[in-house]
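As a plain string of letters, each chain reads:
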Amino acid sequence: MSNNRVSRRQFLGYTLTGVGGFMAAGMLMPMVRFAVDPILQQHDAGDFILTDTAVADLSEEPVRVDFAYEQVDAWYTSEVTSSAWVYKEGDKLVALSPVCKHLGCTVNWAADPEHPTQFFCPCHAGRYEKNGQNVAGTPPLGPLDEFEVEERDGFVALGAVKANTIV
Ligand code: FES
């Protein structure tokens, strides 16, 4: 007979520890999975959104291009609509953010009859040049942001917003 016999008390202790650990793991795994799920999702960072504006229809006059995309915020997905002011500069496409750098209102092209070749913000009469440069003496203290932009299959595709590189 071996001296390594397991007593009834030890057997119960091992069994309860094993079963308890198994049950705890069964409860914790879904919670851990739920907590890290957004990290495991594939992100489309850097993807371009194809708009329905044909590049051939663009000129050197900025036009408003509306677009929509799905925004994933942790576990919540929503459709967001946005817009950009897009024009041609020679062969190059330029797309500017319509968000005023003062307090975030939406700027419009040629909305002020006294300044028909500038962007105008109706909230506090902020103005920007066509390239997004803020006009000195008006409230905005920086230029309009710029979208990454390219042509795809003849249409305007917009990417991430970045700081203005053309002023
Ligand atoms: S928010 Fe545009 S000028 Fe103030």
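None of these values were measured; they are calculated from a predicted model. (Residues numbered from 1 in each chain as written. Predicted model: local features only at pLDDT ≥ 70, side-chain atom pairs only at ≥ 80, totals over all residues.)

**Thoughts on the nonpolar core**
Phase 1: Counting residues in each nonpolar core, the largest one holds 20 residues, and the members touching the most others are Ala84, Val86, Ala95, Val107, Val149 and Leu158.
Phase 2: Contributions of two or more residues to this core are made by β3 (76–89), β4 (92–96), β6 (119–121), β8 (146–152) and β9 (155–162).
Phase 3: With residues up to four places along the chain from it excluded, the contact list for leucine 158 reads Phe48, Ile49, Thr51, Phe67, Ala84, Ala95, Phe147 and Val149. (Core = buried A, V, L, I, M, F, W, Y, C linked by C-beta atoms within 7 Å. Buried ≥ 20, exposed ≤ 12 C-beta atoms within 10 Å, placed from the backbone. Helix = DSSP H or I, 4+ residues; strand = E, 2+ residues; numbered from the N terminus. Contact = placed C-beta atoms within 7 Å.)

**Some remarks on the domain arrangement of the protein**
Phase 1: Taken as a whole, the protein is organised into domain 1 (1–40) and domain 2 (49–162).
Phase 2: Using only C-alpha atoms to locate each centre, domain 1 and domain 2 end up separated by 58 Å. (Domains from an automatic or database assignment.)

**Considerations on the pairing of β4**
Phase 1: Sheet topology note: the β3/β4 ladder contains five bridges and is antiparallel. Looking at the pairing, tryptophan 85 lines up with leucine 96 of β4.
Phase 2: Between β3 and β4, which follow one another and run antiparallel, lie two residues, and glycine 90 among them has a positive phi close to 70°. (Pairing = 2+ DSSP bridges.)

**Describing the UniProt feature "transmembrane region" (unreviewed entry) in the protein**
Phase 1: When the UniProt feature table is mapped to this numbering, "transmembrane region" (unreviewed entry) covers residues 12–32.
Phase 2: Taken end to end, residues 12–32 comprises 100% helix and 0% strand; its first and last C-alpha atoms sit 29 Å apart. (UniProt positions renumbered as here; feature names shortened; annotations may be inferred.)

**Remarks on the UniProt feature "domain: Rieske" (unreviewed entry) in the protein**
Phase 1: Annotation from UniProt places "domain: Rieske" (unreviewed entry) at residues 84–158.
Phase 2: As annotated, residues 84–158 comprises 0% helix and 40% strand, and the C-alpha atoms at either end are separated by 9 Å.

**Let's talk about unusual backbone geometry**
Phase 1: The phi angle at alanine 125 is positive, at roughly 60°, despite the residue not being glycine.
Phase 2: By the secondary structure assignment, alanine 125 is in the loop between β6 and β7 (126–128).

**So, the sheet that holds strand β5 (residues 108–109)**
Note: strands within a sheet are paired through backbone hydrogen bonds, in either parallel or antiparallel orientation.
Phase 1: An order of β5-β6-β7 is seen for the three strands of this open sheet, with the pairing classed as antiparallel. The open sheet is flanked by β5 and β7, the only strands paired with a single partner.
Phase 2: Both β6 and β7 contribute to a ladder of three bridges, which runs antiparallel. In the sheet register, cysteine 121 faces β7, and the bridge partner there is glycine 126.

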